[in-house]
Each structure stands twice: as structure tokens, then as C-alpha cells.
Amino acid sequence: KMAAPISRGSRGLEPGAAPYGNFPNYSRFHPPEGRVSLLPQGLLSSLFPAATRPLLGLDVGCNSGELSVALYQHLLGLQDSSSSPEPPGAGKELKLLCCDIDPELIRRAQQSSPFPASISFASLDIMDSGAREPFLSSYLERFGRSSFDIGFCMSVTMWIHLNHGDRGLLDFLALLASLCTFLLVEPQPWRCYRAAARRLRRLGRDDFEHFRSLQINGDMAESITRILTQECAMELVCSFGSTSWDRSLLLFRSTTARPKG
């Protein structure tokens, strides 16, 4: 289980003070536009051509919500949507549940969200099954659903891996695969693992507990693709290329679930 997020007094310190990836100003050095621009227009319509009910999305590790909002706007084809209170609907309706381990980041996301009726932000440790299961079940039951249509895991896998080890990463990917019909993953490359470990050491803090014992390493995009396709009943639909940070955007589809109309 993840420990508490960064200490209350560490806001604004160097990124090594955020060992769960909960950087307080993440979008300033990794802007959302670098990711959403790789996604094609009309993606939701192509994935769910017959959908007539609201689509449900899950964004795990949403930080303070800037990327969540950008994904929402891009997927619905909204332009300059911050000026309108709620979207008129661009062919599809999307209800997006966004969660992060850091309650302060979630408070910031809630305060700044331009679409509070469509995007929900919640503080949740996704690896804490005791908290996760009742929370997600309650949300899905509101819509009479048992799973999400699409999930987003954007630069989160490394933090799960470093803090929970190989078993934690496997369990996390299996969880997402069980929850989502489609899953968009942006894995961090292995060099980011080494950089995160160096930041902790520079601060004189203990290394990540699992870093030196990880057997899943090297090409992380390839490893995560292998895990999802060979062990989690998913198939790779598309790779949308890489961001300027050399992070791949990979779209997977469950082989056991069909998109419902």
C-alpha cells in the first residue's frame, strides 16, 4: 500500500520530494498539449460508434487535473471550452472520474475544473483495495454500470512500479484491464526510473524500496504491452507515437468485453 503523499511542508521543493509522482506543478514542465495533440480527432466516435448513453472514463493519477480537462476537451472536440459552463455535446457524452493519491492536488483540480458536472475529482490511493473497491463500485452503480468504457493511465506506471514493485505493477495493470474496455497508457521509459532514484538520493532520502530488485525493466513500453496482451486479456489497438519526452501513447482494448451501445 502506498504511504502518505508528500509532506505538507514540501510544496514547491524539487521534484524528488514527490515520490509518488504527485508534483505540485506537473503540467508546467509536461504540458497536456504534448499528449493530446497525438490523439486523433473523433477518437471516441471511432471507438464507440453505436454508443447512445454517456460514456464513462477513469483517469488514474490525475495530479491537479490539467491533463484530465485537456483530454476531455480533445475527445469531445471542444474548442476554447473554458468559456462555456458545460459542453453542448459533440456527438458523445463523457463522464470522467479522475483520482489521485494527493488530496491537495485534488482540491486544486476541483477548484479549477471548468466542467464540474462532467468531470469528477477524488482523492484515492488506487492500490488500496479497501478504499478503491467501494468507491469505484459506488460510482459505477450511479450509472448502472460495472466497468468503464475507457481508462487513462498517463505517466503513472513508473510510480506504481517503484513504490509497489513488480507484483504491484502486474496487479495494477490487471486491475485497469478488468475495469476498462479501452485503456490509454503512457508508460515512463526506464531512464525516468533512474532519474527519480537520483532525485531521492540527492535529497538524502532512502531509495525507492523496490528499485534495485525490479525484474521488469528495460523497454517499459514493450514490457507493459506484453503484460497487458499476454496476461490481462487486452490487445494493442494503436500506438499514437511518442511525446517530446519520448513517452509512447498506447491504446489497448479488452478482448473479453465489447463496447456497448
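Within an unreviewed UniProt entry, the label attached to the protein reads RNA methyltransferase, and the organism entered is Peucedramus taeniatus. The UniProt entry for the protein carries the following comment under Sequence similarities (unreviewed entry): "Belongs to the methyltransferase superfamily."

**Considering the packing of helix H7 (residues 157-179) against helix H8 (residues 190-202)**
It is at 11 Å that the axes of H7 and H8 come closest, and there the two elements cross at 60°. It follows from the interaxial angle that H7 and H8 lie oblique. Judged by the twist between their axes, the crossing of H7 over H8 is right-handed. Side by side, H7 and H8 meet where Thr157, Met158, Trp159, His161 and Leu162 of the first sit next to Cys192, Tyr193, Ala196 and Arg199 of the second. Classifying every residue of the contact of H7 with H8 by side-chain character gives six nonpolar, two polar and one charged.

**Quick look at the packing of aromatic side chains**
All chains considered together, the criterion is met by eight aromatic pairs. Between Phe48 and Phe182 the ring centres are 5.3 Å apart and the planes differ by 80°, which places this aromatic pair in the edge-to-face class. Remark: Phe182 occurs in strand E5 (residues 180-186) and Phe48 occurs in the loop between helix H3 (43-47) and strand E1 (55-60); sequence separation between them is 134 residues. Of the two residues examined, Phe48 and Phe182, each falls in the buried class. With a centroid separation of 6.0 Å and an interplanar angle of 15°, the aromatic rings of Tyr139 and Phe148 are classed as stacked. Taking the relative accessible area as the measure of exposure, Tyr139 reaches 5% and is therefore buried. Classification of Phe148 by relative accessible area gives buried; the value is 0%.

Criteria and thresholds
- Residues numbered from 1 in each chain as written.
- Predicted model: local features only at pLDDT ≥ 70, side-chain atom pairs only at ≥ 80, totals over all residues.
- Heavy atoms only, no water.
- UniProt positions renumbered as here; feature names shortened; annotations may be inferred.
- Axes fitted to C-alpha atoms, helices over the stretch in contact; angles between N-to-C directions.
- Helix = DSSP H or I, 4+ residues; strand = E, 2+ residues; numbered from the N terminus.
- Parallel < 35°, antiparallel > 145°, perpendicular 65-115°, else oblique.
- Left-handed = near helix turned anticlockwise from the far one by under 90°.
- Contact = heavy atoms within 4.5 Å.
- Nonpolar A, V, L, I, M, F, W, Y, C, P; charged D, E, K, R; others polar.
- Phe/Tyr/Trp six-rings, centres within 6.5 Å; stacked < 30°, edge-to-face > 60°.
- Buried < 20%, exposed > 50% of the residue type's maximum accessible area, 1.4 Å probe, protein only.

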